[in-house]
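# Descriptive structure summary
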Amino acid sequence: MLTGRDSLNRLIGKRRRYLPNRESLLSAPIQSSLNLCNDTKNGKIIPDDETEKGNSKAARLVTCPICGSDVPGDNHMINSHLDACLARGTKRKLTQRTLLQLNFSAQTKDQNHSNETKLSTTNMFSEGPVESLEQNSICGLANYVAVEDYNSNHWRSTENTTSHQRINCDEKTPLSSPHINGPEHDVNVTVDGMSEATLRTFIVGRRYSDEKEIKIGAHISLSRDPNNVKDPNAIKVFSADSGCCKVLGYLPKELSEYLSPLMEKYSLSFEGFVISAPKHSLDVVQIKITYHKIESDNENDDDIEVSTCLWKRALHVARSAKGYPSSMIKYQCNFNLLIQEVLGNSRHLFKADEIDFLESFSMLSEDSQRLFVRLYMRKDNGYICSSEDTNELHDAIKDICNLLTVSELREISCVLPKNCHRGSRKQKVIASLLCFYEDGICPFLPKMILDRTGLCIRVASKAEHLIWRAERLFFLNGEQDLSAFLLVDLGIVKYPTYNCIIAEQIFSGLCDLLAYEEAIELAQIMDQSLDENNIELVLRCIMIAESRMSSSSCKAVQSITSELANTFHSCFSASWVYSKVVLLGISFLEREQRFNDAINLLRRLLSCFTCDSRRGYWTLRLSIDLEHMGCPSESLSVAEGGLLDSWVRAGSRVALQRRVLRLGKPPRRWKIPSFSESIKRKITEIHVQGRPLNCEIGMKSWFYGEDGEKCGVEQLALQYYAGEGGGWHGVHTESGIWLTIFGLLMWDILFSDVPDVFRSRFQNAPLDLATDSFYIVRKNLIESQLQKIYDGMAEEILITSWESHVGTVCRGVNWDRHSLSELRAAVTCIGGPCLAHLCRHLAQDYGSWSSGMPDLLIWRFHSEYRGEAKLVEVKGPRDRLSEQQRAWLLLLMDCGFKVEVCKVSAQPVIVST
């Protein structure tokens, strides 16, 4: 695995089917000093001496008369593009069929008839590039215009009502202090300040109703139902018009949670009326309720504050449920919530037609909404759209083939000439069919496929792109998507409680976001090219990333973010994404032994990013590659310069120090560095012998354990320490137990109220955890907590945190791997001073120190409350310490820990004579 590829995959997330900027990215001229490709006569690579000459030519774009897209004004590029367009045999590129044309939207019969008539006389399938789509709905609803222009504050602070998490009532928090305009909800009321207030909600549970028919304007009253088996907070809705007080249903469970204590403890009574009659007897009923306060002389300020907070929470739940009747399915409600949250908080990052496009989703019928969401969440964004005109299938024929089974594909191949592949592997059969289709041997292939697939649909490209953007803005990463809502709804994942305090936007404007999106597209192209082993495209992606990373526009972004480089903001810039592509390219070039090109790219990274925690790794690789090129003196100079860089830390610093000591011997250097004795400190070694199961080079070493079972070197070492090694207890944990202890001890600090570090309810850590700003911003809180740990309160803090948050996700915390008893024993035996030093290093530089910790943590008690602990790095017969592991061992020694290296080797074979 190439270095940096895992990180790039996490950034990309789910690969997108449609990349709107792919053609412009790959066809635009590259103004780069690097020439990784040999072919420079294709009009795409511009050397430095021809940059000025080609600038005016490259900047000129022309519009293609066939498809309407913009093409670089180069003769070769225009001719190639025209040839490709004309080969399609159509004047406009045909795209997806919309849900309206498939009659999935809620329309009258007259409207449907008019649409069918229009379809029969005009080409409703044609559209140009994404930019030419005009106010179509989220599912591609042609001529269906969004009718409501929502206020930008209307959706602000909407939270996932299904997660049952705490809603903050702090007035300073924009996301947790809902500002609601309109007569339905009066958020400014206080229980002590007014005698009544209103809100709108629904009657649910209609199957338990005594009255099946309800009329608009019917008066209702509310009553508690504490004996309800399913919900102790249940509130019944009665008909106030009839003398027998018939039950009409119940209030929603989420709302009853806050209204029930108001009715019981704070003497509030509720009444209201029906504002919308249901079409069916079991449908939910919209109502408007008003509370009346019963005056009491025993109220104090605390009661008023609590009751006010409960009422605000009830208002928040009612507002969040507005437009989401209980008949909505969870994933449908979650999808609406995501769109409204993004439009409320990031409206400035969408164009006017894009806002209309997204807002029109709420205008669809519920069936249409559900259909779209289910299609979008499918692999490859649903099925492929088809029509009777097979020209539309030109670009999608391969995807449609994947919808068929192997037997169906073989049926088609039997009609073709004998040399068509008829094997059992699906992809080979598809490749053979496509080859015949592209060569013109089988022009009827699309029709043969459609005869077997029938009508298919897929998500329109514009809808796919905008929802992808909404997901990225909501979660701010590529690893989470709409399934995160589902995991919460099912109770599989529980996120911690924190306040979202947003003071500034991640992306200041649309230009920044578009540049960031374009960079992620290039990262996906790079990743796909590596999968396909397309070396030429890999090299081109590297050059594009390098040129854009060091271009004037990206330098402007870098100059702005350099002040914030120690915060998380820099991770959301296009230049940062390009740097990850370049780093992966460096690893690729090193594998291909193109060290000179790798050196040039490393120097470019170091010159462009002057404040970056990755500078240590870049400097180390630069020094190593220079040595590969036979330049030891220059390699030494680079290593010495790196040690003067404050951003070179942890394992990279230790590696550079060791290189300086190795390369800096006389006559290159006569003076011994000051860090020489520190880096050469002796680390205690223990040798353990075992019976090997395998002796293959490059394979993990396996041994027979003391019980005769198969085990690794770590388990063998634990057995040794438990027996003749001194009666130690322990776990094989590496970094796991330490990050778990750190997360539990620092829980309240991790999720404290800090502006901008929490953006959604689906975070397991603050955004700045792996940056320098984490410690700087919370220094007083951290040092206060570290003092408690130093004074011996770690076990008490650990127990309290475990009992309060068990099962809640937090970065680094593994609830299943480590038991509370193990953690308590480890904390007690380690001692407060050592533990405080360790936690301080993690708080100051979590990114550098969260990996490479020793394999084993072992401990033993001398009395009930006293003991000792030891950290052990285990190495097999052919293993050696990495620089990060060596850095950890030296740091732990400085913190007062007992550390040692356990080397496991094979027992010598005794041959009897």
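Keep in mind the model is a prediction, meaning the values are calculated, not measured. Here the residue index of a chain counts from 1 through its sequence in written order. Thresholds applied to this predicted model are a pLDDT of at least 70 for local features of residues and 80 or more for the giving and counting of side-chain atom pairs; totals over whole chains, interfaces and linings are not thresholded and use all residues. Only hydrogens and water are removed before side-chain values are computed, so all heavy atoms of the structure are retained for them.

Here we come to the overall build of the protein chain. The secondary structure content of the protein chain amounts to 35 helices and 17 strands. Note on classification: 1.4 Å probe, protein chains only; a residue is buried when its accessible area is under 20% of the maximum for its type, exposed when over 50%, partly exposed between these limits. When the 913 residues of the protein chain are sorted by exposure, 51% land in the buried category. Residues are treated as being in contact if the distance between any of their heavy atoms lies within 4.5 Å. For the protein chain, the proportion of contacts with a sequence separation of at least 24, taken over those separated by at least 6, is 70%. Calculation of accessible area relied on Shrake-Rupley with a 1.4 Å probe; when residues are assessed, cover is drawn exclusively from the protein chains displayed. Working note: accessible area of the protein chain is about 43500 Å², and carbon and sulfur atoms make up 50% of it. Starting at the N terminus, helices and strands are each numbered in turn, a helix being any DSSP run of H or I of at least four residues and a strand any DSSP run of E of at least two.

This brings us to the confidence of the model for the protein chain. Looking at the protein chain, pLDDT values average 78 and 75% of them are 70 or higher. For every residue, the predictor reports its confidence as pLDDT, a number between 0 and 100. This model gives residues 89-195 a pLDDT under 50, and the stretch forms 251 contacts once residues within four places in sequence are excluded. For the stretch residues 552-566, pLDDT sits under 50, and the model shows 23 contacts to residues farther than four places along the chain or on other chains.

The next thing to look at is the packing of aromatic side chains. Centres within 6.5 Å are what make two rings of Phe, Tyr or Trp a pair, Trp counting through its six-membered ring; a difference in plane orientation under 30 degrees is then read as stacked, over 60 as edge-to-face, and the rest as tilted. Considering all chains together, one arrives at 28 aromatic pairs under this definition. A centroid spacing of 5.3 Å and a plane angle of 50 degrees characterise the contact between Phe-507 and Tyr-516, whose relative ring orientation is tilted. Judged by its relative accessible area of 5%, Phe-507 falls in the buried class. Overall, Tyr-516 belongs to the buried group, its relative accessible area being 2%. Following the ring pairs from residue to residue traces out a cluster consisting of Tyr-498, Trp-747, Phe-751, Phe-758, Trp-802 and Trp-815. Any Lys NZ or Arg CZ found within 6 Å of a ring centre and within 35 degrees of that ring's normal is scored as a charge over the ring. One residue, Arg-614, lies across the ring of Phe-609, its end atom 5.7 Å from the ring centre. The residue whose ring lies beneath Lys-710 is Trp-702, and the NZ or CZ to ring-centre distance is 4.3 Å.

Position of Phe-357 relative to the elements: it lies in helix H9 (residues 352-359). Note: C-alpha distance between Phe-357 and Leu-466 (109 residues apart in sequence) is 8.8 Å.

A separate point is the pattern of salt bridges. For this analysis, a salt bridge means a side-chain nitrogen from Lys or Arg found within 4 Å of a carboxyl oxygen belonging to Asp or Glu. Across all of its chains, the model carries 39 salt bridges by this definition. For Arg-370, the salt bridge goes to Glu-366, with nearest N and O atoms at 2.9 Å. Of this pair, Arg-370 and Glu-366 are both found in helix H10 (residues 366-377), four residues apart, which corresponds to roughly one turn of the helix. Overall, Glu-366 belongs to the partly exposed group, its relative accessible area being 27%. Through salt bridges with shared partners, one network takes in Arg-5, Arg-15, Asp-527 and Asp-531.

This part is about a negative patch on the surface. Residues Glu-706, Asp-707, Glu-709 and Glu-724 make up a contiguous surface patch of negative charge. The exposure class of Asp-707 is exposed, given its relative accessible area of 55%. Patches were defined on residues exceeding 30% relative accessible area and lacking a salt bridge, with like-charge contacts within 9 Å and nonpolar side-chain contacts (Val, Leu, Ile, Met, Phe, Trp, Tyr) within 5 Å. Positive charges come from Lys and Arg, negative ones from Asp and Glu, while His and the chain ends are left out of the count. Here the site of a charge means atom NZ of a Lys, CZ of an Arg, CG of an Asp or CD of a Glu.

Turning to the sheet that holds strand E11 (residues 685-692), a few remarks are in order. Read across the sheet, seven strands follow the order E13-E12-E11-E17-E16-E15-E14 without closing on themselves; strand pairing throughout is mixed. Across the chains shown, the open sheet's two edge strands, defined by having one partner strand only, are strand E13 (710-712) and strand E14 (729-732). The mean inter-strand angle of the sheet, taken between neighbouring strand axes irrespective of direction, is 40 degrees. Judged from the five bridges that link them, strand E16 (residues 867-875) and strand E17 (residues 899-906) form a sheet pairing that is parallel. We treat two strands as partners when DSSP finds at least two bridges between them. Lines are fitted to the C-alpha atoms to define the axes, a helix being fitted only along its stretch in contact, and any angle between axes, read from their N-to-C directions, falls within 0 to 180 degrees.

So, on to the side chain of Gln-763. Tracing the chain through its elements places Gln-763 in the loop between helix H28 (747-750) and helix H29 (773-777). Once you skip the residues sitting within four places of it in the chain, Gln-763 turns out to touch Tyr-495, Pro-496, Tyr-498, Val-757 and Phe-758.

Our focus in this paragraph is unusual backbone geometry. Here the amide bond leading from Pro-666 into Pro-667 is cis, since omega sits at 10 degrees, within 30 degrees of zero. Inspection of the secondary structure assignment puts Pro-667 in the loop between helix H24 (650-663) and helix H25 (676-679). One non-glycine residue with positive phi stands out, namely Gln-593, at about 60 degrees. Here Gln-593 shows up in the loop between helix H20 (574-591) and helix H21 (595-608). Its relative accessible area of 62% is what places Gln-593 among the exposed residues. Phi at Glu-734 takes a positive value of approximately 55 degrees, unusual for a residue other than glycine.

Turning our eyes to something else, we now look at the nonpolar core. What is meant by a nonpolar core is a set of buried Ala, Val, Leu, Ile, Met, Phe, Trp, Tyr and Cys residues, joined one to another through side-chain atoms within 4.5 Å. Ranked by size, the top nonpolar core spans 172 residues in total, and within it Trp-738, Leu-745, Ile-789, Leu-857 and Phe-897 carry the most contacts. Counting residues per element, this core draws most heavily on H20, which supplies 11 residues. When residues no more than four places from it in sequence are discounted, the contact partners of Phe-897 are Trp-738, Ile-830, Cys-834, Leu-835, Leu-838, Leu-871 and Leu-892. Within the second largest apolar cluster, 30 residues are counted, among which are Ile-235, Ile-289, Leu-310 and Trp-311.

Take helix H30 (residues 779-790) next. Relative to the 16 Å expected for 12 residues at 1.5 Å per residue, H30 spans 16 Å between its end C-alpha atoms, a close match to the ideal helical length. Among the residues of H30, Ile-782, Gln-785, Leu-786 and Ile-789 are the ones counted as buried. Seen along its axis, H30 keeps its buried residues to an arc of 105 degrees; they face one direction. Tucked into the core, H30 has its buried residues touching helix H27 (736-745), H28, H29, helix H31 (794-805) and helix H33 (832-844). Following H30 by one or two positions, Gly-792 adopts a phi angle in the positive range, close to 95 degrees. What a helix is expected to span follows from its residue count: subtract one and scale by 1.5 Å. Relevant arc is that of directions from the helix axis to the C-beta atoms, nothing else.

To continue, consider the pairing of strand E15 (residues 856-861). Looking at chain direction, E14 and E15 are connected through four bridges and run antiparallel. Bridge assignment links Gly-730 to a residue of E15, and that residue is Ile-858. Bridge count between E15 and E16: six bridges; the pairing is antiparallel. Following the sheet pairing, Phe-861 is matched in E16 by Gly-867. Connecting E15 to the next strand, E16, in antiparallel fashion are five residues.

Two numbers describe how helix H1 (residues 5-12) lies on helix H17 (residues 510-531): the axes approach to 10 Å, and their chain directions differ by 130 degrees. For the element pair H1 / H17, the angle class is oblique. Crossing of H1 against H17: the hand is left-handed. Facing H1, whose interface residues are Arg-5, Leu-8, Asn-9, Leu-11 and Ile-12, H17 presents Tyr-516, Ala-523, Gln-524, Asp-527, Leu-530 and Asp-531. Among the residues making up the contact of H1 with H17, the classes are represented as six nonpolar, two polar and three charged. Small angles under 35 degrees read as roughly parallel and large ones over 145 as roughly antiparallel, with 65 to 115 read as roughly perpendicular and the rest as oblique. Should the near helix be turned anticlockwise from the far one by less than a right angle, the crossing is left-handed, and should it be turned clockwise, the crossing is right-handed. Three classes are used, and their members are as follows: Ala, Val, Leu, Ile, Met, Phe, Trp, Tyr, Cys and Pro are nonpolar, Asp, Glu, Lys and Arg are charged, and the others, Gly among them, are polar.

Moving on, we get to the packing of helix H22 (residues 615-628) against H24. In contact at an axis separation of 9 Å, H22 and H24 are set at 30 degrees when each is read in the N-to-C sense. Overall, the two elements H22 and H24 adopt an arrangement that is roughly parallel. In the packing of H22 onto H24, the handedness of the crossing is left-handed. Residues Gly-616, Tyr-617, Thr-619, Leu-620, Ser-623, Ile-624 and Glu-627 of H22 lie in contact with H24, whose contacting residues are Ser-652, Ala-655, Leu-656, Arg-659, Arg-662 and Leu-663. Split into classes, the residues belonging to the contact of H22 with H24 amount to six nonpolar, four polar and three charged.

Attention shifts here to the environment of Ile-355. Structurally, Ile-355 is set in helix H9. Considering only alpha carbons, one finds Ile-355 and Ile-339, 16 residues apart in sequence, at a separation of 10.0 Å.

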